[in-house]
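# What the coordinates show
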Amino acid sequence: MSAGDLSRRRVLATGLGAGIAAAVGGVELPAVAAETMRPAASRFKPVSMVLHTHSCFSEGGSYAAGGGGASMLSQLEQATKNNIDVVWWTDHDWRMEAFGYYDGIAFDGTDEDGDLAWSVQNEGTVGGTAHAFVDEPHSPDEDGKALRITATGPSANWGVSYLWGDPGNSFFSTNISDTTLTIDVLGEQIGPDAELVVQVETSYRPEIHGRPAGVYVLEYRVGTTSARVLEKPLTGVVSVPVKDGWQTLTMRLLDDIKAFWPDLIAEDSGLARLRYGVRARNNATAQAVFDHLRIIRTRDPLRWPVKTQQKLMKAYAKQYPDVKQLLAAEVSMVRHLNVFVEDFELYPYPDQGKAPKLDGSVEGTEKVVRWYQERGAIVQYNHPDIKPAEFVQTRALGTDLTEVANADGNFDVIHDRINQYDAAARNAIFLTATSQVDDHAGRNWGGKPHLYTTSVWSPSKEAKDLIAALRSGQAWWFHQRLWPTGQLDLAIRGRRAMGRVVQTTAAAVPVELIAQNLPAGSTVQVVVGLCDRSGASTPSIEKHAVPADAFTQDTTTFTLERGIGSYLRLEVYTSDNTLIGFSNPVWLLSPHDKIAVPHARRLT
């Protein structure tokens, strides 16, 4: 197909296409009125979904600034506020498993055969701070060094000096429901105004039961008293008296969350940041030694996380009945992939020891893709690398979907991903384009500058129907804030065609373009691309601008010429040229071409 052929396409009046019969696969399509497939009259309804959502099984709070990761509760609250129909839980699979995680810290001042690093974090007013890994004293249960911290509190208010153990790639951040911590401590200078403290930062929750939104924190202190106090609405403190010599603190995290906040679903808690410190006031000096931390987990790595998250989903279903929850995961020890399947199971990674490294190879990723597809899953290439030649050559690593919209609204990234997607479409690589939400925080979705959401046309919110819609490309994505009611679709002679492949002997086919609830002043760009299967890693497209007011009753018709192969998709822009909508394509190919078309995408 030449550029000249493309330039002769034109937008036609809506009624013009009704009298044109297109032959599909050698069979003439029935002359079904377009109105019969329009969404309002169809059993297929728009279902909005977040396809990339993290919660208490993922990292999120183990950064220097703290902040906690999202709870499932906070994400469901955001989904409700933003009228989202379905949340797919896609926590990092290896974090769910605690694969290669630290099971203890020896405090010897090294990276401890992983990626452990240390940094000082002070809060309030402190002076005379010192942090050192010392040969003596150390725990009688562990050879090597121990951590000594000293600080003076010159104010009447408590000041704290912490040492934060940053475990590299968050190598202890996971759900805490099966986790107990123990640590050996030595209180060298402890009194009424001088204490040692171990702080455990858990997950973020929204405002609930009169408490403010924020990160729920447990603190374990050694001082002169024994107490259990809710010191602040979101800070529970367990205090024990200092003993002569070494003593072991045992931190039963789930039990303590239940005790301090009995109205919570306590199992919806992740382990984010661990800090070790001393606190002092009234010119007192505190000094303590820390050693021999143990992180005790009881989980079956492949089964326990799945069952635990399913129990949480069931518990929250009563509180959020309008949000359908479905279990998936982000496969993350290869290039990141989301897997969507009715009966989810975790991938059995081979043991790599402590602090395992991601396998970013094509071969490693393709192996995992095949493993899941053999089990009936569809696989999404998350935040794909911009490598068009590789993307085309590997057919997007064999995946079924790919994220195109960027989570942060970076239009440079979106532009590059669209170009890469069009290069794949040019080569008859039939991928469903989706949006990258990728939220770890569970806060203020609507306040983000660009939060794109994927919707599908589906008869229900059940996993089977949603997976079928994604598999067949019956999806579009839209700007949650600027076009929250946006709907896109494509039809050929009354038959739903978005995402589909039409193999026809017809030289041209009228495509009904459906764009509902377009903002005033917006423009629909009809993107027409060449599908020549040449192996080229650059797209060959033309765009035809159609103003919103041309969509009479939300529709208009465009005649798509086939040539040696073509495809058509839609982009929607506001009056200030902000991208707010993106449809998946329909492909038009010859029935004589030897092209492997997945069954779900055939329009026959």
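In this text, all values refer to a predicted model and were calculated from it rather than measured experimentally.

Attention shifts here to the overall build of the chain. Broken down by element type, the chain carries 9 helices and 36 strands. Dimensions along the principal axes, computed over C-alpha positions, put the chain at roughly 95 × 45 × 40 Å. Taken across its 604 residues, the chain has 59% of its residues classed as buried. If you take every contact in the chain between residues at least 6 apart in sequence, the share linking residues at least 24 apart comes to 77%. Taken together, the 58 basic and 71 acidic charged side chains of the chain have centroids lying 7 Å from each other.

Turning our attention to the sheet that holds strand 15 (residues 235-241). Read across the open sheet, the 7 strands follow the order 7-10-17-12-13-15-14; overall the sheet is mixed. Sheet topology places strand 7 (116-123) and strand 14 (227-232) at the edges, where each strand pairs with a single neighbour. Each neighbouring strand pair of the sheet contributes to a mean axis angle of 25°, computed without reference to strand direction. In the packing of helix 4 (residues 253-260) onto the sheet, contacts are made with strand 12 (194-205), strand 13 (214-223), strand 14 and strand 15, and the angle to strand 13 comes to roughly 110°.

Inspection of every chain in the model, using the stated rule, returns 25 aromatic pairs. Measuring from centroid to centroid gives 6.2 Å for Tyr567 and Trp587, while their planes differ by 40°, and the two rings are tilted. Taken together, the residues Tyr567 in strand 34 (residues 566-573) and Trp587 in strand 36 (residues 586-589) connect sequence positions 20 residues apart. The two residues Tyr567 and Trp587 agree in class, both being buried. An aromatic cluster is defined as three or more aromatic residues linked by ring pairs; in this entry it consists of Phe99, Phe344, Tyr347, Tyr349, Trp371 and Tyr372. A cation over an aromatic ring shows up here: Arg275 above the ring of Tyr162, its NZ or CZ 4.0 Å from the ring centre. If you follow Arg279 out to its NZ or CZ, it ends over the ring of Trp158, 3.9 Å from the centre.

What follows is about the sheet that holds strand 23 (residues 401-405). One open sheet holds the 5 strands; their spatial order is 20-21-22-23-24, and the pairing between them is mixed. One side of each edge strand has no neighbouring strand; the edge strands of this open sheet are strand 20 (329-331) and strand 24 (432-435). The sheet shows a mean angle of 35° between the axes of neighbouring strands, direction not considered. Bridging between strand 22 (residues 378-381) and strand 23 involves 2 bridges; their strand directions are parallel. The residue bridging Tyr381 from the neighbouring strand is Thr402, located in strand 23. Where helix 8 (residues 411-426) meets the sheet, it contacts strand 23 and strand 24, and its direction lies at approximately 145° from that of strand 23. Strands strand 21 (337-340), strand 22, strand 23 and strand 24 of the sheet are contacted by helix 9 (residues 463-472), whose axis makes an angle of about 55° with strand 22.

Take the pattern of salt bridges next. Any two side chains of opposite charge can pair, so long as their charged atoms come close to each other. Per the counting criterion, the structure on display carries 26 salt bridges. A salt bridge links Asp256 to Arg228, with the nearest nitrogen and oxygen atoms 2.6 Å apart. Here Asp256 is found in helix 4, whereas its partner Arg228 is found in strand 14, with 28 residues between them in sequence. Via salt bridges that share partners, Asp422, Lys543, Arg569 and Glu571 belong to a single interconnected network.

Okay, empty space enclosed by the protein next. Tallying each qualifying case throughout the model produces 2 cavities of 30 Å³ or more. What the largest cavity holds in volume is close to 50 Å³. If you go around the largest cavity, you meet 13 residues; those closest to its centre are Ser58, Gly69, Ser203, Gly270 and Ala272. When the residues that make up the lining of the largest cavity are grouped by side-chain class, the tally is 4 nonpolar, 8 polar and 1 charged. Taken as a whole, the second largest cavity holds about 30 Å³ of empty space. Contributing to the lining of the second largest cavity are Pro384, Phe391, Thr402, Glu403, Val404, Arg417, Gln420 and Tyr421. Among the secondary structure elements, those contributing two or more residues to the lining of the second largest cavity are strand 23 and helix 8. Of the residues contributing to the lining of the second largest cavity, the split by class is 4 nonpolar, 2 polar and 2 charged.

The subject of this paragraph is the confidence of the model for the chain. Residues at a pLDDT of 70 or more form 93% of the chain, whose mean pLDDT is 92. Overall, residues 1-41 carries pLDDT values under 50, and its contacts beyond four positions in sequence, including any with other chains, amount to 92 contacts.

Along the chain, the position of Tyr421 falls in helix 8. Taking the C-alpha atoms as reference points, Tyr421 and Ala315, separated by 106 residues in sequence, lie 39 Å from one another. Not counting chain neighbours up to four residues away, the residues in contact with Tyr421 comprise Thr402, Val404, Leu431, Ala433, Phe582, Asn584, Pro585 and Trp587. A polar side-chain atom of Tyr421 sits 3.2 Å from a polar atom in the side chain of Asn584.

What counts and how
- Residues numbered from 1 in each chain as written.
- Predicted model: local features only at pLDDT ≥ 70, side-chain atom pairs only at ≥ 80, totals over all residues.
- Heavy atoms only, no water.
- Helix = DSSP H or I, 4+ residues; strand = E, 2+ residues; numbered from the N terminus.
- Buried < 20%, exposed > 50% of the residue type's maximum accessible area, 1.4 Å probe, protein only.
- Contact = heavy atoms within 4.5 Å.
- Lys, Arg positive; Asp, Glu negative; His and termini not counted.
- Charge placed at Lys NZ, Arg CZ, Asp CG, Glu CD.
- Pairing = 2+ DSSP bridges.
- Axes fitted to C-alpha atoms, helices over the stretch in contact; angles between N-to-C directions.
- Phe/Tyr/Trp six-rings, centres within 6.5 Å; stacked < 30°, edge-to-face > 60°.
- Lys NZ or Arg CZ within 6 Å of the ring centre and 35° of its normal.
- Salt bridge = Lys/Arg side-chain N within 4 Å of Asp/Glu carboxyl O.
- 1 Å grid on protein atoms, 1.4 Å probe; cavity = no way out; pocket = protein on both sides within 12 Å on 5 of 7 lines; lining within 4 Å.
- Points joined across faces, edges and corners; volume = space filled by probe spheres on them.
- Nonpolar A, V, L, I, M, F, W, Y, C, P; charged D, E, K, R; others polar.
- pLDDT = per-residue confidence, 0-100.
- Polar contact = N/O pair within 3.5 Å; in protein donor to acceptor, adjacent residues only side chain to side chain.

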